[in-house]
Amino acid sequence: MDALYIHIPFCNKKCNYCDFWTFINMNHKFDFYTTNIIEEIKLYPEFQYKSIYFGGGTPSLLSLKNIGDILTNVKYEKNAEITLELNPNNMTLQNLLELKKLGINRLSIGIQSFNDEVLKLLGRDHSSRDSIETYNNAIKVGFKNISIDLIFATPNQTMEDLNKDLEKIKELNPNHISIYSLIWEEGTFFWKQKNEGKLSEVSEDLEADMYERIIETLTSQGYIHYEISSFCKPGFESLHNTKYWDNKEFIGVGVSATSYFENRRYSNKKNIHKYFEDIKNNLRPIDFDSIEIISLEEKSKLSKMLGLRQLNKGIEYDKNDEIINKLIMNNLLFLENERVKLTRKGLLLANNVFVEFV
């Protein structure tokens, strides 16, 4: 057990496409929430972590003291990867310097787009200029490991729009890039707008072409396409996310956080008051309806499904696995040095591959 995820469920506003479990305008609860996070960590054995990930929500909304207090109460290795997700607004040079002093050594910046019109449509509360300034300031204060997020296949997006985003990425030259095709989640503002005929999805063909354009552009610039949605310069793979793809166990703390611990996958309670109540009573705030006991068979299926996301690594070949052999026959997987990996066709039809293991 060497991976810890810390969920910070607070945001200044809800983005139009987001269906994450978040709370708006709850600054008055930040200190109390931090105290409860620390108490929840103590409800687990004292592990020494190799990776710590502050996700959300918007973890950068917490005060420097909040973040420092949490890290002070976690045991981690000297060279642990400690990631903080942040939005590129109100993030000064001094803020970034202080974060680095606290021990944060990897940033994940939610840039999403370099087009201000797209950012406005998405409901983001920052501009392209904010993104570039935040990124450059992070470099100035000495961050060596920076990831940026990019969303594509947004409403009305053209290939020309995407090319402009990719040009900006080339200029910034980050170590790591995570890409996401826009998903129209039920219950979001975008979902409502689509049902009312005010917004429409890009075609599946255009979405596939955009994905291929991203792959071709970034790999031609020296990025390794090491996971379906992830690109990096050599040596800058996300250690924390690799734990997930390797199907390793991890602890998740905070409201609605998920964990994989002692052969069980489960989520914490979403109701923040019930979460606080459980912590007060020295109970792990688990939503018992979410508990899934992972059998050896289920673990094997998950390991294959998650492992195939890692494009260079793949999974070990089992010649007696009928599903794997069928997928190889259909040119969705290929065999290389006793490892099985996604073909280019399999990459574009990855969901069809993964559903075989469900």
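Everything numeric in this text was worked out from a predicted model, so none of it was measured.

Caption draft 1: Quick look at the sheet that holds strand S13 (residues 264-267). The strand order across the open sheet built from 3 strands is S12-S13-S14, with neighbouring strands paired in antiparallel fashion. Each end of this open sheet is capped by a strand with a single partner; those strands are strand S12 (258-261) and strand S14 (292-293).

Caption draft 2: Geometry of the environment of Ile-24. Tracing the chain through its elements places Ile-24 in strand S3 (residues 23-24). Residue classification places Ile-24 among the partly exposed positions, given a relative accessible area of 32%. Residues within four places of Ile-24 in sequence aside, it is in contact with Cys-11, Asn-12, Lys-13 and Lys-14.

Caption draft 3: Just the packing of aromatic side chains, in detail. For the coordinates displayed, the defined rule picks out 15 aromatic pairs. Considering the side-chain rings of Tyr-244 and Phe-250, the 4.8 Å spacing of their centres and the 65 degrees angle between planes classify their relative orientation as edge-to-face. When its relative accessible area of 24% is taken as the criterion, Tyr-244 is described as partly exposed. Taking relative accessible area as the criterion, Phe-250 reaches 6% and is therefore assigned buried. Among the aromatic residues, those joined into a cluster by ring pairs are Phe-10, Phe-23, Phe-30, Phe-32, Tyr-33, Tyr-275 and Phe-276. The residue whose ring lies beneath Lys-233 is Tyr-223, and the NZ or CZ to ring-centre distance is 4.8 Å. Here the guanidinium or amino end of Arg-265 rests over the ring plane of Tyr-260, the centre of that ring lying 4.1 Å away.

Caption draft 4: Molecular detail of unusual backbone geometry. Across the junction of Gly-56 and Gly-57, the peptide omega takes the value 15 degrees, indicating a cis bond. The topology assignment puts Gly-57 in the loop between strand S4 (49-56) and helix H2 (64-72). Positive phi outside glycine occurs at Gln-112, with the angle close to 70 degrees. Assignment of secondary structure puts Gln-112 in strand S6 (residues 106-112). Classification of Gln-112 as buried rests on a relative accessible area of 7%.

Calculation notes
- Residues numbered from 1 in each chain as written.
- Predicted model: local features only at pLDDT ≥ 70, side-chain atom pairs only at ≥ 80, totals over all residues.
- Heavy atoms only, no water.
- Pairing = 2+ DSSP bridges.
- Helix = DSSP H or I, 4+ residues; strand = E, 2+ residues; numbered from the N terminus.
- Buried < 20%, exposed > 50% of the residue type's maximum accessible area, 1.4 Å probe, protein only.
- Contact = heavy atoms within 4.5 Å.
- Phe/Tyr/Trp six-rings, centres within 6.5 Å; stacked < 30°, edge-to-face > 60°.
- Lys NZ or Arg CZ within 6 Å of the ring centre and 35° of its normal.

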